[in-house]
Amino acid sequence: MSIAENVAAIKADIEKAALAAGRDPKQIKLCAATKMNGADNVRQAIAAGVDCCGENRVQELTQKLSENAYEGAPVHFIGHLQTNKVKQVVGKVDLIQSVDRMKLLECIQAEAAKQGIVQDILLEINIGEEESKSGFGIEDILPLVEKMSNFPNVRVKGLMAIPPVCENSGDNDKFFLEIRNLSVDITAKKYDNVSVDILSMGMSGDYTDAIRCGSTMIRVGTAIFGARDYTKSHQN
Ligand SMILES: *Cc1c(COP(=O)(O)O)cnc(C)c1O
């Protein structure tokens, strides 16, 4: 199947899952996870109507920006971001989805202040509490958003999570619902600089589950572009 056909099929799934859950399909954005795909594939996905692109690696982001690969769609950063590369991302992307630790948040604040901008971000939650994964603990989020006025050049737009790989439909529902409940708690408190309009959760294996559980942005790679060939590279 072509990229255009895959995107059309996913959009049909989004609509079906949203309507089944009594939701407006327009509330759910499709973010193409473009890692290891070149500018041509990115352009095809945008032409097919994805809402935004998500890039994992700074080097790929910089390369594809220089090729104007994202023209016509917002670009997000969704990968692990080293603090020494913050300069190459702040102000270059519409949203940094993967703000996963305090040190990174501080660096983004400092760089955004230097540039005189406000950078939109999501707070990444370590939802399976897996050692290997980054992210704030779910219990850290409320105390953190309470202090966001200390980060005037950063605006929290929502939450992002990468739950464990889904083996069976429904496996990750408990995680998705936990995040959704947290977003309801945050909204109720009406903090400065903080909204939770975006709940970025759901990937190729579980996006219909995520939509049923309240996701407003799914990040899809494999189902759009096909399986990534990791033998060609040691990159993430
Ligand atoms: C690669 C990636 C995705 C997409 O994963 P697929 O299973 O290929 O859909 C989503 N989010 C992040 C952060 C990723 O790195």
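See above for the structure.
Residues numbered from 1 in each chain as written. Predicted model: local features only at pLDDT ≥ 70, side-chain atom pairs only at ≥ 80, totals over all residues. Heavy atoms only, no water.

Engineer: Hey, could you run me through the overall build of the protein chain in this one?
Structural biologist: Of the regular secondary structure elements, the protein chain holds eight helices and eight strands. The C-alpha atoms of the protein chain give a radius of gyration of 17 Å, which matches the 18 Å a tight globule of 236 residues would have. On the principal axes, the C-alpha backbone points of the protein chain span a range of 50 × 40 × 35 Å. Here the protein chain holds 236 residues, and 48% of them are scored as buried. Contacts in the protein chain between residues at least 24 apart in sequence constitute 59% of all its contacts with a sequence separation of at least 6. Taken together, the 27 basic and 32 acidic charged side chains of the protein chain have centroids lying 4 Å from each other. (Helix = DSSP H or I, 4+ residues; strand = E, 2+ residues; numbered from the N terminus. Rg over C-alpha atoms; globule rule 2.2 N^0.38 Å. Buried < 20%, exposed > 50% of the residue type's maximum accessible area, 1.4 Å probe, protein only. Contact = heavy atoms within 4.5 Å. Lys, Arg positive; Asp, Glu negative; His and termini not counted. Charge placed at Lys NZ, Arg CZ, Asp CG, Glu CD.)

Engineer: Please clarify how the side chain of Ser98 should be interpreted in this entry.
Structural biologist: Mapped onto the secondary structure, Ser98 falls in strand E4 (residues 95–99). Engagement of the side chain of Ser98 in a polar contact is seen with the backbone oxygen of Gly79, the distance being 2.6 Å. Other than its neighbours up to four places away in sequence, Ser98 contacts Phe77, Ile78, Gly79, Leu104, Leu122, Glu124 and Met160. (Polar contact = N/O pair within 3.5 Å; in protein donor to acceptor, adjacent residues only side chain to side chain.)

Engineer: Would you take a moment to explain the side chain of Gln97 for this structure?
Structural biologist: Counting through the fold element by element, Gln97 comes out in strand E4. For Gln97, a relative accessible area of 0% corresponds to the buried category. Here Ser200 takes part through its side chain, which lies 2.7 Å from a polar atom of the side chain of Gln97. Ignoring sequence-local partners within four residues, the contact set of Gln97 consists of Cys31, His76, Phe77, Ile78, Leu122, Leu123, Glu124, Met160, Ser200, Met217 and Arg219.

Engineer: Is there a simple way to think about the site of the ligand in this case?
Structural biologist: As a matter of local geometry, the ligand sits amid Ala33, Lys35, Asn56, Ile78, Ile162, Met203, Ser204, Arg219, Val220, Gly221, Thr222 and Arg228. Between the ligand and Gly221, the relevant distance is 2.8 Å, taken from an oxygen atom to a main-chain nitrogen or oxygen of the residue. A distance of 2.9 Å separates an oxygen atom of the ligand from a polar atom in the side chain of Arg228. Notes on the ligand: free accessible area 390 Å², of which the protein chains cover 89%. (Near = heavy atom within 4 Å. Areas by Shrake-Rupley, 256 points an atom, 1.4 Å probe, with all protein chains shown as cover.)

Engineer: It is not clear to me how the pairing of strand E8 (residues 217–220) should be interpreted in this structure. Could you clarify?
Structural biologist: One face of the sheet, then the other: side chains in a regular strand alternate in exactly this way. Neither face of E8 is exposed, since Met217 and Arg219 on one face and Ile218 and Val220 on the opposite face are all buried. Here strand E1 (residues 29–33) pairs with E8 via four bridges, running parallel. The residue bridging Ala32 from the neighbouring strand is Val220, located in E8. (Pairing = 2+ DSSP bridges.)

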